[in-house]
Amino acid sequence: MKQSNKFNARKITCSDGTFDSVKEYKFYLQLKAQMKAADPEFRVQSIERQVRYDIAIAGKKIAFYKLDYLVNYASGKKRYFDVKGCRTGAAYQLFKLKKKCVEAIYGIEIEEV
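Calculation notes
Residues numbered from 1 in each chain as written. Predicted model: local features only at pLDDT ≥ 70, side-chain atom pairs only at ≥ 80, totals over all residues. Heavy atoms only, no water. Phe/Tyr/Trp six-rings, centres within 6.5 Å; stacked < 30°, edge-to-face > 60°. Helix = DSSP H or I, 4+ residues; strand = E, 2+ residues; numbered from the N terminus. Buried < 20%, exposed > 50% of the residue type's maximum accessible area, 1.4 Å probe, protein only. Lys NZ or Arg CZ within 6 Å of the ring centre and 35° of its normal. Expected span 1.5 Å × (residues − 1). Arc of directions from axis to C-beta. Contact = heavy atoms within 4.5 Å. Polar contact = N/O pair within 3.5 Å; in protein donor to acceptor, adjacent residues only side chain to side chain. Pairing = 2+ DSSP bridges.

## Examining the packing of aromatic side chains
- Enumeration according to the criterion identifies eight aromatic pairs in this entry.
- With centroids separated by 5.7 Å and ring planes inclined at 50 degrees, the aromatic side chains of Phe-27 and Tyr-69 adopt a geometry described as tilted. Of the two residues, Phe-27 sits in helix H1 (residues 22–33) while Tyr-69 sits in strand S4 (residues 60–73), which places them 42 residues apart along the sequence.
- With relative accessibility at 11%, the residue Phe-27 sits in the buried group.
- Site record: aromatic cluster; members linked through ring pairs are Phe-19, Tyr-25, Phe-27, Tyr-28, Tyr-69 and Phe-81.
- Positioned over the ring face of Tyr-28 is Arg-49, at 5.9 Å from the centre of the ring.
- Across the ring face of Phe-64, the terminal group of Lys-98 is positioned such that the distance to the ring centre comes to 5.5 Å.

Structure representation (structure tokens):
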């Protein structure tokens, strides 16, 4: 029996890989479309998916966090995105805690989409 996602998200598989939800896939398509932007400030140069960040304190590994998208722009700017559908419950609270830890440890700002 196929196990469903706890938030009823539907996985999408295409030539670019597997996406955890339709929302995550649609956001990816928007980023790909930005690869054709004329302005370097908005032109996406590369997209990294499912980037892993280890969360360690005093040299001890506590957990890890997987970022949905690390986007590099032609201007040299980097942006970090995590696509969220459901913003309630224990899983979302854990996400917020991990997000804050990663932002503090790595000096980045993760944008929730």
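Next comes the rest of the description.
## What about H1?
- Taking 1.5 Å of rise per residue, 12 residues should cover 16 Å, and H1 covers 17 Å from first to last C-alpha, within 8% of that figure.
- Buried within H1 we find Glu-24, Phe-27, Tyr-28 and Leu-31. For H1, the buried positions fall inside an angular range of 105 degrees around the axis, keeping them on one side. Summarising the geometry of H1, the exposed residues directed more than 90 degrees from the buried face are Lys-26, Gln-30 and Ala-33.
- Buried residues along H1 sit against strand S2 (17–19), strand S3 (44–57), S4 and strand S5 (78–82).

## Side note on the side chain of Lys-84
- Checked against the element boundaries, Lys-84 lands in the loop between S5 and helix H2 (89–106).
- There is a polar contact of 3.5 Å between the side chain of Lys-84 and the side chain of Asp-82.
- Leave out the neighbours within four places in its chain, and Lys-84 touches Lys-23, Tyr-92, Phe-95, Glu-112 and Val-113.

## Quick look at unusual backbone geometry
- A positive phi angle is found at Gln-50, which is not glycine, with a value near 55 degrees.
- Following the sequence through the fold, Gln-50 ends up in strand S3.
- The phi dihedral of Ala-58 is positive, around 55 degrees, even though this residue is not glycine.
- Along the chain, Ala-58 turns up in the loop between S3 and S4.
- Here Ala-58 falls in the exposed class, since its relative accessible area comes to 84%.

## Re the pairing of S3
- With 12 bridges connecting them, S3 and S4 associate as antiparallel partners. Across the sheet, Arg-52 pairs through a bridge with Lys-66, a residue of S4.
- What sits between the antiparallel neighbours S3 and S4 is a turn of two residues, in which Ala-58 has the positive phi angle 55 degrees.

## Details of H2
- Here H2 contains 18 residues, and its C-alpha end-to-end distance of 26 Å stays within 8% of the 26 Å for a straight helix at 1.5 Å per residue.
- Among the residues making up H2, those that are buried are Tyr-92, Phe-95, Lys-99, Val-102 and Glu-103. The buried side chains of H2 occupy one side of the element, clustering within an arc of 95 degrees when seen end-on. Facing away from the buried side of H2, by more than 90 degrees, are the exposed residues Ala-90, Leu-97, Lys-100 and Ala-104.
- Buried residues in H2 make contact with S3, S4, S5 and strand S6 (110–112).
- Residue Gly-107 follows H2 closely and has a positive phi angle near 65 degrees.

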